[in-house]
Amino acid sequence: MSKQASAAVIAAGTLWGIICIFIRTLSDAGLDSIQIAAVRTVIAAVFFSAVLAVGDKERLIIKLSDLWIFAGMGIISIVLFNCFYFYTMIHSQASVAVVLLYTSPVFVTLLSAIFFREKITPIKIISLITAFIGCTLVAGIFGSGYKVTPLILITGLASGLFYAMYTIFGRLALERYDTRTVTAYTFIFAAAGLIPICRINKIAALISDKPILIPWCLGIGFICTVIPYFLYTWGLRNLESGRAAILAAVEPLVGAVIGMTLFRENHEMFKLIGIAMIIAAIVLLNHDSVRKN
């Protein structure tokens, strides 16, 4: 069972990693980062809430006093993370965007120390330094090839920061509610936050003019969101969370490989070393968690 669970988590990471293909396709068709984020979250919100409504309506009941937690997860985390991540992906390189996103464990470590008073161990310090050096290399500071602009570096790191906020808010939500409830309301709030600002009429008009976009929209909603979520959740039932997180680190690797092959992005030595250092930092951080548990 552990092998199957490991395979499920790796598959989830892989599906998250190929999202760059869907983002680039939808962007080339005329959708901006906010609109792509809206498509993704609305599809996921409809599906997850429908599953609960049909299978377990009681899971849809939450306390009004807890709405701020779900607003934090949906709007502060999911909306901002998706918008910054998709912007970085569209205006930079896929390999750069996905690797900068995966600085999120570094932000989780720092935020957990601030809000939950978790200790920063020597391994965490080494991981933080490794990730920082990796980011400078990925940014092209020491290379002669592609250079990441300050704006892209900020939006890429912002995607990692707001992705990390999901863990912080999620820790509070999961103390009170089932995983399915948390996921459904996270996407409901995210969709509610994006619909007013995404110019939904433009999305509808574009899809109407280009029906070929329908499978791409459904793909980013199901292939890159719903399916990997279920795979990852199922895998977590038979694996320690730390080990699952390590296996899911295949996501930045997949994204980087796709960027440097399918999109023919540069793959100079400094950039490759930077990618390897950031992934190593992720593994070290989660290994420290596994060792403690």
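On a predicted model such as this, the values are computed, not experimentally measured, just so you know. (Residues numbered from 1 in each chain as written. Predicted model: local features only at pLDDT ≥ 70, side-chain atom pairs only at ≥ 80, totals over all residues. Heavy atoms only, no water.)

Caption draft 1: Looking closely at a nonpolar patch on the surface. On the surface, Leu110, Ile120, Ile125, Ile129, Phe132 and Ile133 cluster together to form a nonpolar patch covering roughly 530 Å² of accessible area. For the nonpolar patch, the element with the most residues is helix α7 (residues 122–138), which contributes four residues. Looking at the secondary structure, you find phenylalanine 132 in helix α7. On the accessibility criterion, phenylalanine 132 (59% relative accessible area) is exposed. (Patch = residues over 30% accessible without salt bridge, like charges linked within 9 Å, V, L, I, M, F, W, Y side chains within 5 Å. Areas by Shrake-Rupley, 256 points an atom, 1.4 Å probe, with all protein chains shown as cover. Salt bridge = Lys/Arg side-chain N within 4 Å of Asp/Glu carboxyl O. Helix = DSSP H or I, 4+ residues; strand = E, 2+ residues; numbered from the N terminus. Buried < 20%, exposed > 50% of the residue type's maximum accessible area, 1.4 Å probe, protein only.)

Caption draft 2: Geometry of the pattern of salt bridges. One pass over the full model with this rule turns up six salt bridges. Here aspartate 66 and arginine 176 are joined by a salt bridge, their closest N and O atoms 2.5 Å apart. With aspartate 66 in the loop between α3 (33–55) and α4 (67–91) and arginine 176 in the loop between α8 (150–173) and α9 (179–194), the pair connects residues that are 110 residues apart, well separated along the chain. On the accessibility criterion, aspartate 66 (4% relative accessible area) is buried. For arginine 176, a relative accessible area of 45% puts it in the partly exposed group.

Caption draft 3: Structural detail: the packing of aromatic side chains. In the structure shown here, the tally under the stated rule is 15 aromatic pairs. With a centroid separation of 5.9 Å and 75° between ring planes, the pair formed by phenylalanine 47 and phenylalanine 48 is classed as edge-to-face. You can call phenylalanine 47 partly exposed: its relative accessible area is 26%. Residue phenylalanine 48 is classed as buried on the basis of its relative accessible area, which comes to 6%. Relative to tyrosine 185, the ring of phenylalanine 70 has its centre 5.5 Å away and its plane inclined at 45°; by these criteria the two rings are tilted. You can see phenylalanine 70 sitting in helix α4 and its partner tyrosine 185 sitting in helix α9, a full 115 residues away along the chain. No difference in accessibility class separates phenylalanine 70 from tyrosine 185, as the two residues are buried. Among the aromatic side chains, those forming a connected cluster through ring pairs are Phe47, Phe48, Phe187, Phe222, Tyr229 and Phe230. Lying over the aromatic face of phenylalanine 263, arginine 24 brings its terminal NZ or CZ to 4.6 Å of the ring centre. (Phe/Tyr/Trp six-rings, centres within 6.5 Å; stacked < 30°, edge-to-face > 60°. Lys NZ or Arg CZ within 6 Å of the ring centre and 35° of its normal.)

Caption draft 4: Region of interest: α7. With 17 residues, α7 ought to run about 24 Å at 1.5 Å a step, and its terminal C-alpha atoms sit 24 Å apart, in line with that. Residues of α7 that are buried: Lys124, Ser127, Leu128, Thr130, Ala131, Gly134, Cys135, Thr136, Leu137 and Val138. Directly after α7, the chain includes glycine 140, whose backbone phi takes a positive value near 85°. (Expected span 1.5 Å × (residues − 1).)

Caption draft 5: Looking closely at the packing of α3 against helix α11 (residues 213–236). Look at α3 against α11: their axes get within 9 Å of each other, and the N-to-C directions meet at 55°. Put simply, α3 runs oblique to α11. Viewed along their axes, α3 and α11 form a crossing whose handedness is right-handed. Contacts from Ile36, Val39, Arg40, Ile43, Ala44, Phe47 and Phe48 in α3 reach Cys217, Leu218, Ile220, Gly221, Phe222, Cys224, Thr225, Val226, Tyr229 and Phe230 in α11. (Axes fitted to C-alpha atoms, helices over the stretch in contact; angles between N-to-C directions. Parallel < 35°, antiparallel > 145°, perpendicular 65-115°, else oblique. Left-handed = near helix turned anticlockwise from the far one by under 90°. Contact = heavy atoms within 4.5 Å.)

Caption draft 6: Geometry of unusual backbone geometry. Of note in the backbone geometry, arginine 199 takes a positive phi value of approximately 55° without being a glycine. Relative to the helices and strands, arginine 199 resides in the loop between α9 and α10 (200–209). Although it is not a glycine, arginine 264 adopts a positive phi angle of roughly 55°. When you line up the elements, arginine 264 lands in the loop between α13 (250–261) and α14 (269–292).

Caption draft 7: Structural context of the packing of α3 against α4. The geometry of α3 relative to α4 is characterised by a closest axis approach of 8 Å and an angle of 130° between their N-to-C directions. By the criterion of interaxial angle, the relationship of α3 to α4 is oblique. Relative to α4, α3 is oriented so that their crossing is right-handed. Here α3 contributes Ser33, Ile34, Ile36, Ala37, Arg40 and Thr41 to the contact with α4, which in turn contributes Ile78, Phe81, Asn82, Cys83, Phe86, Tyr87 and Ile90. Of the residues belonging to the contact of α3 with α4, the class tally is nine nonpolar, three polar and one charged. (Nonpolar A, V, L, I, M, F, W, Y, C, P; charged D, E, K, R; others polar.)

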